[in-house]
Amino acid sequence: MKIFLFLSLLLFQLGTYSQQSYRALYNIEFMIDTSYINKEHKKNKSSSLLKERVRNKIKNQFYFVLKLSRHIDFYLEFNQTDSRFYLPQQIETKEFKIFKRFSRFKGQYYSFKNSTLHEMNAFGQNFLINLPATKWKLTQTSKIIGKYKCYKAITQKLIGTKFYDVYAWFTPDLPFNFGPMGYQGLPGLILKLETGNLSYNLKELIKIKSMEIKKPSKGQNITLDDFNLMAKKVYKKRKKEFN
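A short tour of the structure in this document, coming up. Here the structure is a predicted model, which is why all the values come from computation and not from measurement.

## Re the pattern of salt bridges
- Throughout the structure, instances matching the rule amount to 3 salt bridges.
- Close ionic contact of Arg23 with Glu77 constitutes a salt bridge, the shortest N to O distance being 2.7 Å. Taken together, the positions of Arg23 in strand β1 (residues 21-30) and Glu77 in strand β2 (residues 74-78) put the pair 54 residues apart, joining distant regions of the chain.
- A relative accessible area of 24% means that Arg23 is categorised as partly exposed.

## Here's the deal with the pairing of strand β3 (residues 83-86)
- In this sheet, β3 lies alongside β2 in antiparallel orientation, the contact comprising 4 bridges. Looking at the pairing, Glu77 lines up with Arg84 of β3.
- Between β2 and β3, which pair antiparallel and follow one another directly, the connecting turn spans 4 residues.
- Pairing analysis gives 3 bridges linking β3 to strand β4 (residues 108-111), with the strands arranged antiparallel. Within the sheet, the bridge partner assigned to Arg84 lies in β4 and is Tyr110.

## Regarding helix α4 (residues 94-103)
- Taken residue by residue, α4 has Phe96, Ile98, Phe99, Phe102 and Ser103 as its buried positions. One side of α4 carries all its buried residues, which in axial view fall inside an arc of 155°.
- Immediately beyond the C-terminal end of α4, within one or two residues, lies Arg104, with a positive phi of roughly 55°.

What counts, and where the lines are drawn
- Counting of residues starts from 1 at the beginning of each chain's written sequence and follows it residue by residue.
- Local features in a predicted model are, by the rule used here, given only for residues with pLDDT of at least 70; side-chain atom pairs are given and counted only at 80 or more, and totals for whole chains, interfaces and linings are based on all residues.
- Each side-chain value is worked out from all heavy atoms of the structure, with water and hydrogens disregarded.
- Just to be clear on terms, a salt bridge is a Lys or Arg side-chain nitrogen sitting within 4 Å of an Asp or Glu carboxyl oxygen.
- The way it works is that DSSP assigns letters per residue, a run of H or I at least four long becomes a helix, a run of E at least two long becomes a strand, and they are numbered from the N terminus.
- Any residue under 20% of the maximum accessible area for its type is buried, any over 50% is exposed, and the rest in between are partly exposed; the area is computed with a 1.4 Å probe on protein chains only.
- Pairing between strands requires that DSSP locate at least two bridges from one strand to the other.
- As used here, the arc belongs to the directions running from the helix axis to the C-beta atoms.

Right under this line is the structure:
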């Protein structure tokens, strides 16, 4: 009898969740990338004094972005089947441009039942990049984030010619399989996503009016592999032009 009541309550809870739409607010955290600062320092062929000024300028920009990031929210809006992750429009101040450069965030991410898309502008045109399904490795490693018990999942992201680990902390207590940056497919909402020196952290979860997330249609449809191949060719061509 107790088991029956528990299952009934669980099914009722899932049914209630499935009829609602939500907006999750995420803050972004930056870890100081000393390797990037040192790399730029070595590339600079100016005098020692000028190199040190450039080094300090980059370092100060990192600290500035760290402070600014606490006041800028990324939105993840979703219903029972679809999601949209984006940075709300802001006045394009000098400070906001610096933030966008360091966050390396472009466009919007959409997740639907059978596809995940990255809508972005690059090389002077709009693209709808079809992202491959994320392959997760689930672990038993857990920690408490806020009031939720979260579990660690690991995947990999190809940057250039190297694969880098991406870590997601999700909670089964919030039965939504969405997360920042188009990462999805876990048995619970991603509360924390760690990728490189960036970390997306859930700040607030808000119930909103039931909403439909429309699939974007403007832009050239392209696979991620084909887009990366095209980007390499463009950068190679530009490098030759500058040299």
